[in-house]
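Listed below, chain by chain, are the residues.
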Amino acid sequence: MFDRLLEAPPYSLRQGEKERLLLAGLNELTRFHYEKCRDYARILDAAWGGLGSYGAIEDVPFLPVGLFKERELSSTDGPHIVLQSSGTSGQVPSRIVVDPETSTRQSRALIATFRPILGDRRLPFLAIDTRDVLKPTNLTARGAGVLGMMKFGAKATFALSPTLETDLKTVRDFVAAHGGAPFLIFGFTFLVWTKLYEEFRDGELDLSNAILVHSGGWKKMEERKVPNAEFREALRSRFNLTRIYNFYGFVEQIGSMFVEGPDGLLYPPNFTDVIVRKAGSWEPASLGEEGVLQVVSLLPGSYPGHSVLTEDTGRILAVDNGAEGRFGKAIAVTGRVEKAELRGCSDVVATTRAA
Amino acid sequence: MHLTSLGLNGAETPIDMATLEARLDAARGALVTPFSAERMDLVAGVGDAILKSKSAVSSHVKHFGFWIRKANLRALAQDFERRRPSGTVSRPRGVVFHVPPRNVETVFLYSWVLSFLTGNANVVRLSHDVSAELGGICDLFLAAFEENDDGSQFFVRYPSDSEGSRLISAQSDVRIVWGGDAKIKAFEDLPLRGGGKAIWFGDRTSLCVLDGEKVAALNGAERLDLAHRLYDDIFVFDQMACSSPHTLYVVGDAATHLSGVKALLQTLGEVASERGASWATGHQISKMVQAFASAASGWSREVSWRDAMLTSTVTDRQERADLRVGSGFLNVVFIPALDAVNGILQERDQTVTHFGFEPEAIVSVAGSGAAPGGMRWTPVGTALNFDFVWDGYDLPFELTRLVRVA
């Protein structure tokens, strides 16, 4: 099943066929985790009326992504590593249990997703980040992204200093050495904008052979009021950079990446799908309606992360639209769920000081 | 140090410490008799203005308005008078320094009003982000002081990393600090004026105890009434006030009484939705996370998370529940008898709201507890109603001194 979904081109399945194949896999994974993970079984029993057999992917139980910060959920007795990762440094990290089999699936999925964009050869790789982002103990989402993309790159070069200043000479030298043939640039969207585009917008840089993959950091971009279309146009007109791919993914489901299509929408590959839910009732939203994203994936075997309610909001804008052979759902991610500060009698000194 | 004094309409005037000291000294020399007619009238006048206000008033502000209406103040004064030992007269303490909580900001109004009524001069340290509603109440009082030519009341602001708290403490005869334990610690080392006393309102938690039998026997109208009262306790201040309950301890057993409790919680969710409560999506998800984590740990055997207003967990264990999430989150624990609450209470527990018990039973359990917690037992629906006895303090007496007259 997984192999079949993986071997087909990533967005080749029509939604109906995709759901049919995914549902069987998700039912299987739900049963597997119920049997292997005591915490997961307890949650299903207490919150979902026990283990069921689900007739639609919308009915498959989900876990809120924040639960991975609270509990280390494991479905394996065998050797594994616990990947610790947080959105930004200083936050409580998620703890994700990854065994060799799940790790292999993640790698295969990443390759299947990015091969159509990057080809089979490892490309010279320029990261718009600092080498320090790859701290092994508690990886941030940025670090996890760089680490994931390094699999596709060779001769990794880091464009930023530890204090996130652009090393202009390093970037120029890299482009001079590798700019004649396809090469890979990866970075968080906000860093690409502020540290690559803004630093070089008055200078000379030919990125016509570059393939830019970028992700995350939407919130800061929104604050700067740079919509995706403007981002693309600015890079095209300034650097002749046209092969630009935004993607959506999160550390609790490494390997399940939604990559931007020619229409600017994000597409889940065959082995992954997305459901948009209305906050409060948690019922599926209708086409075009904004809600909270739930992502299902066939990758997580060593931890019960095959159906996760994220804290991101978005909307489904098309189904089976066939843009350059892309079928299934197409989404736009619109932001993060809002969370105001709770009131309370208890002040902490830190907040009093800040007042 | 940048010290400012708050005037009408949020106007801030810089005031140097020496001037403030001089004014406080002057005020200390001209204190007013406790519960003077003039001060009672002033406060009651503000209460009337709050209740008559045409703009929408939040429920806790409305409660404050009711609390300071004339009849209530008169009852307070009579009660104070009645309890004064014979052969004594009472005098104000002097200068009282109030450090309110940053978030449940209206709560300090009660202790400040009591201090004003008992004749003291007062300095209130306001934070920089007070709500418009509290600003409006301050304005009502400031206008009344101006009219009465009362120069003994100060609302001030200063940066928290400055010397302000130390300098004002040194001029104060009483200091009331609201806030968490960490905040109290920050004030502990600041000496008060000779003989000064410190009153602390620290971290507190609260709970609710229900008689499962009585809950199961409620008819629809009674259940709705109880749900409205629970709403008042739980859905104000995001369930994060010291006296907001987080756990329902139900006397009874799950097999017999859980369905009644569930019906009550469902009604509570409906009442909350009808009364216009709403939580940010992020809080709804946080509640889901905490409920699922509670299930994963084995604590909860059942969690209810599909209600947009209220998330709840039910455990089979007969022990204290410490999960305190807020924004509409309740743990349900069954206990064999009302007495069992005393095994659950801890020192930091403040308010126990109760439903379905005979008054004698409540008095008996409140009096028999060996644990120091549970400083206030009050019916469901009144958790947030401030009382002049709070956290074990009888405030009018704490804020006055008795003079023996033989």
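Residues numbered from 1 in each chain as written. Chains lettered and ligands numbered in written order. Predicted model: local features only at pLDDT ≥ 70, side-chain atom pairs only at ≥ 80, totals over all residues.

S.K.: For the overall build of chain B, give the residues involved together with the corresponding values.
M.R.: For chain B, the helix and strand inventory stands at 15 helices and 18 strands. Compactness check: chain B gives a C-alpha radius of gyration of 23 Å against a globular reference of 22 Å for 406 residues, within 12% of the reference. Viewed in the frame of its principal axes, chain B has a C-alpha envelope of about 65 × 50 × 45 Å. Excluding contacts between residues fewer than 6 apart, the proportion of contacts in chain B whose partners are at least 24 apart in sequence is 74%. (Helix = DSSP H or I, 4+ residues; strand = E, 2+ residues; numbered from the N terminus. Rg over C-alpha atoms; globule rule 2.2 N^0.38 Å. Contact = placed C-beta atoms within 7 Å.)

S.K.: Can you lay out the overall build of chain A for me, pointing to particular residues and giving the numbers?
M.R.: Check the secondary structure of chain A and you find 11 helices and 15 strands. Relative to the compact-globule value of 20 Å for 355 residues, chain A shows a C-alpha radius of gyration of 21 Å, a close match. Each principal axis of the C-alpha distribution contributes one length, and for chain A these read about 60 × 55 × 45 Å. In chain A, buried positions account for 47% of the 355 residues. In chain A, once contacts between residues fewer than 6 apart in sequence are set aside, the share between residues at least 24 apart is 70%. (Buried ≥ 20, exposed ≤ 12 C-beta atoms within 10 Å, placed from the backbone.)

S.K.: Describe helix α5 (residues 107-117) of chain B, with residues and values.
M.R.: All names here are of chain B. Here α5 lies mainly inside the structure; 10 of its 11 residues are buried. V107, F108, L109, S111, W112, V113, L114, S115, F116 and L117 are the residues of α5 that are buried. With its phi angle positive at about 95 degrees, G119 sits one or two positions after the end of α5.

S.K.: A description of the interface of chain A and chain B should follow, citing residues and the corresponding values.
M.R.: Facing 33 residues of chain A, the contacting portion of chain B comprises 47 residues. Of all elements in the fold, only α3 (38-47), β1 (63-64), α4 (67-70) and α11 (349-354) of chain A reach the threshold of two or more residues within the side of chain A that touches chain B.

S.K.: Can you explain the sheet that holds strand β4 (residues 95-99) of chain B? Please cite residues and give values.
M.R.: The pairing of strands in a sheet comes from backbone hydrogen bonds and takes either a parallel or an antiparallel form. All names here are of chain B. An order of β2-β1-β6-β5-β4-β7-β8 is seen for the seven strands of this open sheet, with the pairing classed as mixed. The sheet is open, and its two edges are formed by β2 (12-14) and β8 (197-201), each paired on a single side. Neighbour-to-neighbour, the strand axes of the sheet open up by a mean angle of 25 degrees, direction not taken into account. Here four bridges tie β4 to strand β7 (residues 174-178), and the two strands are oriented parallel to one another. Bridging from a neighbouring strand, F97 pairs with R175 of β7. (Pairing = 2+ DSSP bridges. Axes fitted to C-alpha atoms, helices over the stretch in contact; angles between N-to-C directions.)

S.K.: Quick one: what's the story with the sheet that holds strand β3 (residues 94-98) of chain A, residue by residue and with numbers?
M.R.: With respect to topology, three strands assemble into an open sheet ordered β3-β2-β5 (chain A), the strand pairing being mixed. Two strands close off the open sheet at either side, each with one partner strand: β3 and β5 (139-140) of chain A.

S.K.: Any chance you could break down the confidence of the model for chain B for me, citing the residues and the numbers?
M.R.: Summing up the model confidence of chain B, the mean pLDDT is 92 and the portion of residues at 70 or higher is 99%. Two numbers describe this predicted complex: its pTM, 0.88, and its ipTM, 0.91. (pLDDT = per-residue confidence, 0-100.)

S.K.: Account for the environment of P162 of chain A, with residues named and values stated.
M.R.: Residues and elements named next belong to chain A. Along the polypeptide, P162 turns up in the loop between β6 (153-158) and α7 (168-178). With 10 C-beta atoms packed within 10 Å, P162 lands in the exposed category. Once you skip the residues sitting within four places of it in the chain, P162 turns out to touch T130 and D132.

S.K.: Report on helix α3 (residues 59-67) of chain B, specifying residues and quantitative values.
M.R.: Taken together, the buried positions of α3 of chain B are H60, V61, H63 and F64 of chain B. Buried positions in α3 of chain B, seen along its axis, are confined to an arc of 155 degrees and lie on one side of it. (Arc of directions from axis to C-beta.)

S.K.: Give a detailed account of the packing of helix α2 (residues 37-52) of chain B against α5 of chain B, specifying residues and quantitative values.
M.R.: Residues and elements named next belong to chain B. Two elements in contact, α2 and α5, have axes separated by 9 Å at closest approach and are oriented at 150 degrees. As far as their axial angle goes, α5 and α2 are roughly antiparallel. Residue-level contacts link R39, M40 and V43 of α2 to V113, F116 and L117 of α5. A breakdown of the residues in the contact of α2 with α5 according to their chemical character gives five nonpolar, no polar and one charged. (Parallel < 35°, antiparallel > 145°, perpendicular 65-115°, else oblique. Nonpolar A, V, L, I, M, F, W, Y, C, P; charged D, E, K, R; others polar.)

S.K.: An account of the domain arrangement of chain A is needed here, citing residue identities and associated values.
M.R.: Residue and element names in this part refer to chain A. With domains assigned, chain A is organised as domain 1 (2-68 + 263-336) and domain 2 (107-247). Taken together, the contact between domain 1 and domain 2 spans 10 residues of the former and nine residues of the latter. For the side of domain 1 that touches domain 2, the element with the most residues is strand β15 (residues 329-336), which contributes three residues. For the side of domain 1 that touches domain 2, the residue count by class is seven nonpolar, two polar and one charged. (Domains from an automatic or database assignment.)

S.K.: Could you give an account of the pairing of strand β7 (residues 183-188) of chain A, naming the residues involved and the relevant values?
M.R.: Residues and elements named next belong to chain A. Summarising burial for β7: six of the six residues are buried, a large majority. Burial of the side chains of β7 extends over both faces: F183, I185 and G187 are buried on one face and L184, F186 and F188 on the other. For strand β4 (residues 123-127) and β7, the ladder comprises three bridges, and the chain directions are parallel. The partner of L126 across the bridge, within β7, is I185. Inspection of the sheet shows β7 paired to strand β8 (residues 210-215) by six bridges, in the parallel sense.

S.K.: Residue-level account of the domain arrangement of chain B, with values.
M.R.: Where interface size is quoted, it is often the accessible area lost as the parts come together. Residues and elements named next belong to chain B. Domain boundaries assigned for chain B yield domain 1 (4-202 + 391-404) and domain 2 (205-379). The centre of domain 1, based on its C-alpha atoms, is set 33 Å off from the matching centre of domain 2. With five residues of domain 1 at the interface, the matching set in domain 2 holds five residues. Residues that form the side of domain 1 that touches domain 2 fall into these classes: one nonpolar, three polar and one charged.

S.K.: Give a detailed account of the environment of P262 of chain A, specifying residues and quantitative values.
M.R.: Residue and element names in this part refer to chain A. Within the fold, P262 resides in the loop between β10 (258-260) and β11 (266-267). Among the residues examined, P262 registers 9 C-beta atoms within 10 Å and is labelled exposed. A C-alpha to C-alpha distance of 28 Å links P262 and H306, two positions 44 residues apart in sequence. The residues touching P262, leaving out its near neighbours within four places in the chain, are A323 and E324.

S.K.: Summarise unusual backbone geometry; cite the residues concerned and give the values.
M.R.: Most peptide bonds are trans, and most residues other than glycine sit at a negative phi. At N240 of chain A, a position not held by glycine, the phi torsion is positive, near 60 degrees. Looking at where N240 of chain A falls in the secondary structure, it is placed in the loop between α10 (228-239) and β9 (243-248). Residue S327 of chain B is not a glycine yet carries a positive backbone phi of 50 degrees. Residue placement: S327 of chain B occurs in the loop between β12 (311-315) and β13 (329-335).

S.K.: So, the pairing of β4 of chain B: which residues are in play, and what are the values?
M.R.: Residues and elements named next belong to chain B. Among the five residues of β4, five are classified as buried, and the element is accordingly described as predominantly covered. The alternating pattern of β4 places V95, F97 and V99 on one face and V96 and H98 on the opposite face, and all of these are buried. Where β4 lies against strand β5 (residues 121-125), four bridges are found, and the strand directions are parallel. Each residue of the ladder has a partner; that of V95, found in β5, is A121.

S.K.: How would you explain the packing of α2 of chain B against helix α6 (residues 132-148) of chain B if you had to name every residue and give the values?
M.R.: All names here are of chain B. Interhelical geometry of α2 versus α6 gives an angle of 140 degrees and a closest axis separation of 10 Å. Read as a crossing pair, α2 and α6 show a hand that is right-handed. Between α2, through E38, L42, G45, V46, A49 and I50, and α6, the contact on the second element is made entirely by I137, L140, F141, A144 and N148. Grouping the constituent residues of the contact of α2 with α6 by class yields eight nonpolar, two polar and one charged. (Left-handed = near helix turned anticlockwise from the far one by under 90°.)

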